[in-house]
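Residues per chain are reported as follows:
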Amino acid sequence: MSHFTELKDVLATYLDDEKIELIHQAYLIAEKAHEGQMRRSGDPYITHPVAVATILAHMHLDHESIMAALMHDVLEDTQVDKVYLTARFGPQIADLVDGVSKLTQIQFESRAEAQAENFRKMLLAMVRDIRVILVKLADRLHNMRTLKNMPPKKRRRIAKETLEIYAPIANRLGMHAFRIEFEDLGFAALYPMRYRILSAAVKKARGNRREIINEIKKSLKGTLTQHNIPQAQVFGRQKHLYGIYRKMKVRHASFSEIMDVYAFRIIVDTSDDCYRALGSVHALYKPIPERFKDYIAIPKANGYQSLHTTLFGPYGVPIEIQIRTLAMDHIAENGIAAHWLYKSPDSAIGDAQLKAREWLKGLLELQQSTGNSLEFIENVKIDLFPEDVYVFTPKGDIIELRRGATAVDFAYAIHSDIGNTCVAAKVERRFAPLSMPLSNGQTVEIVTAPGARPNAAWLNFVTTARAKSCIRHYLKTQKRSAAISLGKELLEKTFENSPQKYKKIKTDVLQDIVKSLHYKSTEELYEAIGLGNQVAAVVASKIHEKLHGECDVIVGDASVPMAIKGTEGMVVTYAECCKPVPGDAIVGFLRAGRGIEVHREQCNNISHLRQDLNRSMVMCWEKHIHGEFKTDIKVRVLNQRWVLAQLAGAISDAEANIDNIIVDQGDGQLFTVNLTIMVRDRTHLDHVMRRIAAIKVVDSVERV
Ligand code: MN
């Protein structure tokens, strides 16, 4: 008997003969392609694609998905190729099959990289055709069901991947039934001991609680009938094992704490009935304040809709209740797959699809802005755990963010330009720190300024993948372009005092140099010089050699200082040890990979560095520098109350800001205050110090 027979019976319940015949053709190709191949269980290989197809057939997926499911492994493991599939079944089917196939042609450096790249390929394919992920999930589900045949190490790896990626994807797509099975099978494979112990404990606890469950169920039924919602159905709900395990682990809840919560689901006809049912159960048992959630008015990101409430039940036991319509229940169980299973005109089902598509579109954007697949998969993982908060724009639009998201995440969720130029945030009309996590229902307004830029420090607190990748992307481009212009300047400066003043280096000469030093472009050469990875003088001597056929090493004349504008960005940094400000005599050092580090000339840390003429240079400040510069001062004061307030007052009177204060223990009479302040330049600093010196209790003030 053919392996096809059983599948055919399921297909016959919802497809016509013509489509079933097409599926049969696909089956024959797969059967032939896998001929002689065995699964680890000893079964013929073809049983696997047939099982995958059967899972999808039970979900009433269209004939193309079933065909793709039957042929999902032929591209990887057999002689059949995409060209053949296209000729035979058309591009749609060929693309579907290709979308679920792993990349096998490319050699990867590590398993992590291979996994990430395969995952990225699948996501991109599923953006084009959402059925790809349904086939992939069914494939994974059957592999999980037959996992026991794998060697232990592989078993654990697959189980871990399922828990980390496939279960969250199923969750993100609203496919609850898949998710539950993924999690329980994954849990059992990854932690067999814990699974067994927990499973036995749950079984026992459920037996003990049967009576009270029936009692509560009866009361709920009673009150619903009494309030004229007699068609309502009440179900007792059981938490799945992995859910219980996770609660114990993450929330440190005890086993009895979790088991002593009684959970029920009420299914009614219309969403209007949902709210009436809610009223009636609240009349029966008192609700626990703050535990009520209205996912009907604001559906979850995966389209999930329901009312949630928790009640104080008899004997003080908490009762969790979910109330929803049958259509909402279908979506809650099947998510985007509900579309195929219930070809109903219900708009809620369409919404779930729309939400899924929006999410996929977001992933596509994410992928375009991330450099490598490992970074991408990290970002996607962040995105897959949607503990969401909902906040409002000043116009009242709802923005959905991850729990813990900040105003900066909000700004990037609106538009990357808003994120890139945001300087401040108002939460409920009051200024709030950009780093403050937002909570549900807040109205958030972003203040932007032209010319403002993202700050690298934001990466420490933003939580959304989108904000992270936008900021990283900005910083990368920014650093690169700053390095290019600095490198160009450094190279040109090298020629300034040479006998031949090449104001402009000829392009063809430079091209040759670029090639001989193995750079891809002139820009890349400049970038390397600007970052301190390539010495400008070496490049200069090569140019000289090229032009004159001799090899003089030209070293930039140290007496011509290089000017700092203060706007170089990430390739010019000010040394933490001596904190120079405009007006100080300064020197610069090229630090490999980081650009120029500016020190004060009298800094103690630099004497040895100055020997290296290729890397050190005399620098000066441009005339009009805007910006604030950190510097340290030390103040000796009489030990007296209010002295810190007076110091702060004097500094702010002089229009400077305090960055940090450290107070040293004194000798009883005098003590030392070390201040880091922000000033414009030397003159400003002198002004601040005079102001401080004028305070009566100040004994002395000096720059560190
Ligand atoms: Mn497979």
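Structural notes, computed from the coordinates. No experiment lies behind these values; they were computed from the predicted model shown. (Residues numbered from 1 in each chain as written. Predicted model: local features only at pLDDT ≥ 70, side-chain atom pairs only at ≥ 80, totals over all residues. Heavy atoms only, no water.)

A separate point is the overall build of the protein. Summing up its helical and strand segments, the protein has 27 helices and 19 strands in all. Relative to its 704 residues, the protein shows a buried fraction of 47%. Nonlocal contacts in the protein, meaning residues at least 24 apart in sequence, comprise 66% of its contacts between residues at least 6 apart. (Helix = DSSP H or I, 4+ residues; strand = E, 2+ residues; numbered from the N terminus. Buried < 20%, exposed > 50% of the residue type's maximum accessible area, 1.4 Å probe, protein only. Contact = heavy atoms within 4.5 Å.)

As a general point, the strands of a sheet are linked pairwise by backbone hydrogen bonds and lie either parallel or antiparallel. An order of 11-15-13-14-12 is seen for the five strands of this open sheet, with the pairing classed as mixed. Of all the strands in the sheet, just strand 11 (562-564) and strand 12 (572-574) have a single pairing partner and so form its edges. Geometrically, the sheet is characterised by an average inter-axis angle of 40 degrees between neighbouring strands, direction not taken into account. Taken together, the three bridges between strand 11 and strand 15 (residues 616-621) define a ladder with parallel strand orientation. If you follow Ile564 over to strand 15, its bridge partner there is Trp621. Sheet strands touched by helix 22 (residues 465-494): strand 11, strand 13 (586-591), strand 14 (595-600) and strand 15. Its angle to strand 11, the strand with the most contacts, is close to 155 degrees. (Pairing = 2+ DSSP bridges. Axes fitted to C-alpha atoms, helices over the stretch in contact; angles between N-to-C directions.)

Ranked by size, the top nonpolar core spans 82 residues in total, and within it Met71 and Met175 carry the most contacts. Apart from the residues within four sequence positions on either side, Met71 is in contact with Ala26, Ile29, Ala30, Leu85, Phe89, Ile93 and Val97. Counting residues in hydrophobic clusters, the runner-up holds 58 residues, among them Ala528, Ala536, Ile651 and Val697. (Core = buried A, V, L, I, M, F, W, Y, C linked by side-chain atoms within 4.5 Å.)

This brings us to the side chain of Lys579. Looking at the element boundaries, Lys579 is found in the loop between strand 12 and strand 13. Under the relative-accessibility criterion, Lys579 is labelled buried at 10%. Polar side-chain contacts of Lys579 include one of 3.3 Å to the backbone oxygen of Glu576. Residues in contact with Lys579, not counting those within four places in the same chain, are Asp584, Arg600, Lys630, Thr631, Asp632, Thr676 and Arg703. (Polar contact = N/O pair within 3.5 Å; in protein donor to acceptor, adjacent residues only side chain to side chain.)

Here we come to the pattern of salt bridges. Enumeration over the complete set of coordinates arrives at 22 salt bridges. Put simply, Arg480 and Glu527 hold a salt bridge, and the shortest N to O gap is 2.9 Å. One end of the pair, Arg480, is in helix 22; the other, Glu527, is in helix 24 (residues 522-530), with 47 residues separating them in the sequence. For the salt bridge of Asp584 with Arg703, the shortest nitrogen-to-oxygen distance reads 2.7 Å. (Salt bridge = Lys/Arg side-chain N within 4 Å of Asp/Glu carboxyl O.)

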